[in-house]
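# A look at the structure
Listed here are the chains, written in short residue letters.
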Amino acid sequence: MKNWHAFTRWLIALGVLHGIVLCAGFFAPYGPSEQDRKSPYLPPMRVHFVDGQGHFHLRPFVYSFRLRDGSFDQYEEDAAKPDPLRFFVSGWRYRLFGLLPSGLHLFGAETTRVYLLGSDGYGRDQFSRLLFGGQVSLLAGFLGTGFALVAGLSIGAVAGYYGGWRDDVLMRVAELFLALPWLYLLFALRAFLPLAVGPLQAFFLIIAVIGAVGWARPARLVRAVVLSAKERDFVRAARGFGATDIYLLRRHVLPETSSVLLTQAAILIPQYVMAEMTLSFLGLGVPEPVPSWGNLLSNLQQYSVLVSYWWMYLPALAIVPFFLGYLGLASSLQERGEAYKIERRGLGRLT
Amino acid sequence: MRISRAKFQSFWMLLSLLLLFVVFLGHPAIASSQQRDTKEELLALPGELGRSGGRLVVALRGEPKTLNPLIAADSRSREVIAVMQADLVHINRATQLTEPALAKSWKISPDGLQYTLVLRQGIKFSDGQPLGADDVIFTFQVYLDENVHAPQRDLLIVGGKPITVRKVDGQTVVFQLAKTYGVGERLFDGLAILPKHLLEKPYQEGKLAQIGTLETAAKQWAGLGPFRMKEYVAGQRLILERNPYYWKADTQGNRLPYLDELVFLFVPNADAQVLKFESGESDVISQLGAENFSVLSRQQKGYVMTDAGPGLEYNFLFFNLNAPGEKASSEMRRKQEWFREVKFRQAVSNAVDREAIVRLAYQGRGTAIWGLVAPGNRRWGNEKLAHPARSLDRARALLREAGFSWSNGPDGESTLQDAQGKPVEFSILTSSSNADRAKMAALIQDDLKQLGMRVQVVPLEFRSLLDRVTQSKEYDACVMGIASFDADPNSDINVWLSSGGTHLWNPSQAYPATPWEAEIDRLIEEQMSARTFEQRKKLYDRAQEILSEKQPMIFLASPDILAGAKNSVGNFHPAVLEPYVLWNVEQLYRKSATENGTR
């Protein structure tokens, strides 16, 4: 009973987090590639309630920033210019869920641009980029996981259920894939592709590579479950009554794997989000100016950014609640389905 | 076996003792020969007096490939070779004018075809052997030998014919040119004089390219530069020591260089260079990016950072204007039709926000440019060149004139399309190792989006980028930069001439592809033989005007030369010409500890 509560709690937390990312257009005040060339590397703005005279304001406000004389990236707050935040403002046009055209945003300010998490070297709002970047990275995680699980399920089921030479061949291939240095594979793959890869192509390339390399581990797990399930008494009985292979698999064997698959999904999603981030960090992912969590962090490859602008690290922190949510979900799932041992070694292999 | 080895060793010991003995015997003879040519004509350098001794550490971005100037092609090798070799006439990096070096004087005949150079007397190579006219004759013989494949050879072909060299007497040589040469005595800068006594044998055996590696240079090579080889540790460092025979002195007559040792550390990249400097492991730093410069400036831990002003590097965007090959796809042909349209290129130039490039890519430490002659080049820029401000309206008008139109998408975004109704989409290559240029490309991408062009930025490793641009020619557009090595615009001759290898938008043409390229070729050829600065300047001004009208290269910005040195380094005066900091390495010195404390 207790476990059930933990499970729903994690699920709700994840739901909220994903909801925010899904509705990035609404929560983000600006477009992710909108440049404000006047304010590169602006530090995060503080949201104030109390002004310089000590008066409390119900409506929060920010101070606009002013560039220090002769400087490129040193700003100071201009206390003379408080700018109250407005809520449910209309602004930059976007499509909610990729479908509904809208211009409504949760917040904005009247005269200045609000930078909750600062701006990057082009004056783009890090907060907006973080939200939109989440769409790319999480979607890559979901699709990659879906791809890997579907492939893993079918291959594992065939290997486990039919056994014999099919099992041998499929499992040897799986081991081969587990041993592949996939980062180099991707480098090699990229070299064969046309020079200019659009954001969409690059995105699907990443998913294809993640899925193609990732199917082996779930396939082995599914095979193990199928191997034991097909020897159960009720399966044998059904077979004795003349059930076909397809029927047996669909009705009796594969449902046994659902718990393993769910747990695998909860483990694989963050792992593949991380994979996407790694690839984008190295410049193999979605190209600029489309944000993803990986290429938000790739700025940090420069020493000067590393030591000068601390808010460029924030995207790395933002992924923590997501990963925590998934790991919590995975462990509560594991406790729920006590019957199955879950191979958790995969977690340690984040790259 | 063991016994025989011991015998062997004792034999060698004996031999070396014998040798030592011979050396001691020989010593008075050497001394007397030194007395014979006492009138060693040292060059007295003006400038702040320094203190002798100490070492200077420089972090180098990677290991030099060779110390042999005949095969050195990479910038690191050239940087090291520059402090080990010397030339006949030298360009002063601060004044950008020529100065006597190994040649104490020179004379140009009235017809401009004969250069008579008189060598300094009594000066010696770093191994103590004297320099004479024969070395100079030998040097140019080697440079001009086609079998040697020296990169210097191209510079010595004037009017289609190699320069000929003739010895007049032991100290005098005459260079005969086939045609008058506008560059004049600047020609000799950077041409290291080679030691005939060491290189004649390998030259005759055809082995010149194999010698002078980092491992063997100490024994096989001698130079006339301020430093000579001492020690090389593969993958770590190269230690040079003071050349005791160096031919320059300060105003007090103290022989230069001041430093005892010059150490080059090998580090993998620019960030590592900054870290070495910041931690005090290296003493000077140059070729700094603006971001790293401001990081170091903010910390100011016992060093001084200097902005030497705009340099000779120019960054530009160019489109693929090569004649389409037989294999070219129809898509490529269509794109090239846009690129070939002058108004299209002018529109792009009008849409580019150069001011933002200077501010965001160079943190304001740079200058927007509209022409090939970089602002660091004080004498040659064309002041009359138009500097049109950014104007999207003008860009749109130009595109409309050229037959382009706009179609509106569902979300109100407009897409530029050509006369056939095809959307204008192309990609821009940048070098993945250059963050500044990647930034420029990203800014241009956003600028052109406002014209409805869809642009992809493709970062590529520099080597494969160069391959695409000059060999396979499979690209749409590219952002690149060139740093001229001299303030004379002739150093960029291969960019100007349609037959040049770095005429990037359409390199190495057999015949000029367009009338305006033919016109530029004619102007450049003409200024080559023009004799006065004014004549040459006029011709160059015209060539610059044509270039800025036709926009084969869309010039963007030129970064400042940024450098830094520890407070204890004296005579630190970075120049805008390469080598930015080490150009006066013979005068650099370490201030004493007490002096350091007071500053």
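Residues numbered from 1 in each chain as written. Chains lettered and ligands numbered in written order. Predicted model: local features only at pLDDT ≥ 70, side-chain atom pairs only at ≥ 80, totals over all residues.

## A look at the interface of chain B and chain A
- Contact with chain B, which involves 23 residues of that partner, is made by 20 residues of chain A.
- Of all elements in the fold, only α6 (270-278), α7 (290-299), α10 (354-361), α12 (435-449) and β22 (454-460) of chain B reach the threshold of two or more residues within the side of chain B that touches chain A.
- Among the elements that take part in the side of chain B that touches chain A, α12 of chain B stands out by supplying five residues, more than any other.
- Of the residues contributing to the side of chain B that touches chain A, the split by class is nine nonpolar, nine polar and five charged. (Contact = placed C-beta atoms within 7 Å. Helix = DSSP H or I, 4+ residues; strand = E, 2+ residues; numbered from the N terminus. Nonpolar A, V, L, I, M, F, W, Y, C, P; charged D, E, K, R; others polar.)

## Comments concerning the sheet that holds strand β10 (residues 172-176) of chain B
Residue and element names in this part refer to chain B.
- With respect to topology, four strands assemble into an open sheet ordered β5-β6-β10-β9, the strand pairing being antiparallel. What marks the edges here is a single partner per strand, and that holds for β5 (103-108) and β9 (164-169). The average undirected angle you get between the axes of adjacent strands in this sheet is 20°.
- Inspection of the sheet shows strand β6 (residues 114-119) paired to β10 by five bridges, in the antiparallel sense. Counterpart to Val 118 in the pairing with β10 is Thr 172.
- Along the sheet, helix α3 (residues 133-144) contacts β6, β9 and β10; its crossing angle with β9, the most-contacted strand, is approximately 170°. (Pairing = 2+ DSSP bridges. Axes fitted to C-alpha atoms, helices over the stretch in contact; angles between N-to-C directions.)

## A look at the packing of helix α9 (residues 342-351) of chain B against helix α11 (residues 392-401) of chain B
Residue and element names in this part refer to chain B.
- Two numbers describe how α9 lies on α11: the axes approach to 8 Å, and their chain directions differ by 170°. Considering the angle they form, α9 stands roughly antiparallel to α11. For the crossing formed where α9 meets α11, the hand is left-handed. Taken together, the residues of α11 that come into contact with α9 (itself represented by Lys 343, Phe 344, Gln 346, Ala 347, Asn 350 and Ala 351) are Leu 392, Arg 394, Ala 395, Leu 398, Leu 399 and Glu 401.
- Within the contact of α9 with α11, the residues separate by chemical class into seven nonpolar, two polar and three charged. (Parallel < 35°, antiparallel > 145°, perpendicular 65-115°, else oblique. Left-handed = near helix turned anticlockwise from the far one by under 90°.)

## Digging into the confidence of the model for chain A
All names here are of chain A.
- Per-residue confidence for chain A gives a mean pLDDT of 84; residues scoring 70 or more make up 93%.
- Taken element by element, chain A is modelled with least confidence in helix α5 (residues 182-192), mean pLDDT 73, and with most confidence in helix α3 (residues 126-162), mean pLDDT 91.
- Throughout residues 339-351 the model reports pLDDT below 50, and contacts reaching past four residues in sequence, or to other chains, amount to 13 contacts. (pLDDT = per-residue confidence, 0-100.)

## Description of the nonpolar core
- Membership of the largest hydrophobic core comes to 164 residues, with the highest contact counts inside it found for Phe 318, Ile 428 and Leu 556 of chain B.
- The biggest single contributor to this core is strand β24 (residues 553-566) of chain B, with nine residues.
- The contact partners of Phe 318 of chain B, leaving out residues within four places of it in the chain, are Ala 477, Cys 478, Leu 504, Trp 505, Pro 552, Met 553 and Ile 554 of chain B.
- Counting residues in each nonpolar core, the second largest holds 75 residues, with Phe 132, Leu 138, Ile 267 and Phe 322 of chain A among its members. (Core = buried A, V, L, I, M, F, W, Y, C linked by C-beta atoms within 7 Å. Buried ≥ 20, exposed ≤ 12 C-beta atoms within 10 Å, placed from the backbone.)

## A look at unusual backbone geometry
All names here are of chain B.
- Residues Leu 256 and Pro 257 are joined by a peptide bond in cis, for which omega reads -5°.
- In this structure, the amide linkage connecting Glu 578 to the following residue, Pro 579, adopts the cis form with an omega of -15°.
- Looking at the secondary structure, you find Pro 579 in the loop between β25 (569-570) and β26 (589-590).
- At Gln 96, a position not held by glycine, the phi torsion is positive, near 65°.
- Relative to the assigned elements, Gln 96 resides in the loop between β3 (89-91) and β4 (98-100).

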